[in-house]
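Architecture and fold: a report
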Amino acid sequence: MVMNEAPALNFRTLDLNLLRVFDVVMAERSLTRAARRLALTQPAISNAMRRLRDSLGDELVVRQGMMLAPTPRAESLWPVIRSALQQLEQSLAPTGFEPATDPTTFILTMADATAAELMPGLSSLLETQAPGVSLRVVPLTTRDPRRLLRAETADLAVGHFPAVLADLTAKAQSGESVDFEYQRLFDGEYVCVMRRDHPLGQVPLTLDAFCAARHLLVSFSGRPYGFVDEALASLGRQRRVVMTVNQFATAGRVVAQSNLLTVLPRHFVQVAGMQEALQLRELPFDVPVVHVDMVWSRHRPQTAAQVWLRQAVAHAARLAQSRDLVQSAGGTQPGRGPGRPANT
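Residues numbered from 1 in each chain as written. Predicted model: local features only at pLDDT ≥ 70, side-chain atom pairs only at ≥ 80, totals over all residues. Heavy atoms only, no water.

Description of the packing of helix H2 (residues 31-38) against helix H3 (residues 42-56)
In plain terms, the rule: Every axis in this analysis is a line fitted to C-alpha atoms, fitted for helices over the stretch in contact. Angles between the N-to-C directions lie between 0 and 180 degrees. Working definition: helices are DSSP H or I runs of at least four residues, strands are E runs of at least two. Numbering for both runs from the N terminus. Roughly parallel here means an angle under 35 degrees, roughly antiparallel means over 145, roughly perpendicular means 65 to 115, and every remaining angle is called oblique. We call two residues in contact when some of their heavy atoms are within 4.5 Å. Residues are grouped as follows: Ala, Val, Leu, Ile, Met, Phe, Trp, Tyr, Cys and Pro are nonpolar; Asp, Glu, Lys and Arg are charged; every other residue, Gly included, is polar.
H3 packs onto H2 with a crossing angle of 105° between their chain directions and a minimal axis gap of 8 Å. When the axis of H2 is compared with that of H3, the two are roughly perpendicular. Every residue of H3 that contacts H2 at Leu31, Thr32, Ala34, Ala35 and Leu38 is listed here: Gln42, Ile45, Ser46 and Met49. Per-class residue counts for the contact of H2 with H3 are six nonpolar, three polar and no charged.

Focus on the side chain of Thr114
Filter applied, for reference: A 1.4 Å probe rolled over the protein chains alone gives each residue an accessible area, and that area as a share of the maximum for its type sets the label: buried under 20%, exposed over 50%, partly exposed in between.
You can see Thr114 is positioned in helix H5 (residues 112-129). Using a relative accessible area of 10% as the deciding quantity, one classes Thr114 as buried. If we ignore the near neighbours within four places in the chain, the residues touching Thr114 are Val158 and Val292.

So, the sheet that holds strand E6 (residues 180-188)
Stated formally: A pair of strands is considered paired only if DSSP assigns at least 2 bridges between the two.
If you walk across this open sheet you meet the five strands as E4-E3-E5-E12-E6, and the pairing is mixed. Strands with a single pairing partner mark the edges of an open sheet, and in this sheet they are strand E4 (133-139) and E6. Mean inter-strand twist for the sheet, computed between neighbouring axes without regard to direction, equals 20°. Of the pairings in the sheet, the one linking strand E3 (residues 104-110) to E4 comprises seven bridges and is parallel in character. Across the sheet, residue Thr109 finds its bridge partner in E4, namely Val138. Strand contacts of helix H7 (residues 162-173): E6 and strand E12 (290-297), with the helix running at about 135° to E6, the strand carrying the most contacts.

Treat this as a map of the structure, not an account of what it does.
As structure tokens, this is what we get:
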């Protein structure tokens with residue numbers, strides 16, 4: 001549908017409530033979810049969007065499958081409108097944050113291995129400093145969490161997001177607007193994991209033996225190809241992935257009862273209590289360091305509560321790093337063999 005050219009906009013007669021509806025529709029990409037968030041009916045949301053379309057002379061959003069896709073005009077307007085709404089909200093209702101007394105719920109999205117590393121420290125912090133705060137962790141099912149953050153489905157995403165960070169860096173270097181920020185939490189080290197009495201555990205793990213074995217891969221998407229396979233491909237080699245799962249804990253349990261090999265973060269076996277059933281071996285080839293970052297949206301109101309949350313997660317990451325270094329210094333784990341310090 002082509003919109004007729006709209007008359008010049010009279011800002012004095014524009015219903016500013018339409019801008020709030022527009023902001024939520026852009027975040028949710030769904031009239032139904034926008035209606036739920038705003039406690040309105042879907043027809044009311046549709047009517048508000050129609051009125052705004054008539055005022056601006058642009059479709060703003062168009063249907064693409066199950067989602068709504070913004071027009072170029074809507075994409076250009078959204079950051080400006082959201083920023084203005086946030087400034088207005090903070091000016092009219094400035095909010096401080098007292099973690100000891102304020103009842104607040106935060107939503108984090110991360111993989112189970114990352115949660116196993118961070119949540120013990122966060123739990124201790126909530127108990128001693130923020131008894132009114134609740135944390136909800138939802139599964140991370142993508143290597144690009146920007147849609148979740150943009151829709152405010154989560155306050156923070158924590159994980160390994162190399163493509164996202166590369167895109168953000170490229171946009172910043174080219175002078176484009178960057179809608180997300182990130183902070184490095186720690187660097188992860190991955191190792192080959194097998195059951196305690198696996199035949200390959202009794203001999204040196206060579207590249208040939210690794211490639212000849214049957215493998216289980218932790219894959220959020222179900223795609224049987226990951227950064228280990230990329231590293232092997234650079235050597236002209238490949239492995240056979242016969243099973244994928246979407247959780248590290250599941251991978252550990254399956255490997256403990258089979259002849260499959262998998263590759264897991266070194267820290268995870270210890271914090272998940274699986275060290276008695278599994279043994280860890282150094283990978284017989286180099287893989288890039290896996291950076292673990294927290295990412296958040298600049299469009300979300302940067303309240304004192306959001307700042308506190310990021311500081312709390314960073315503090316939990318430092319505690320986890322200290323704990324892992326102490327465990328590593330305590331000696332070699334049975335079946336682990338000498339290796340690099342456990343730094344994740």
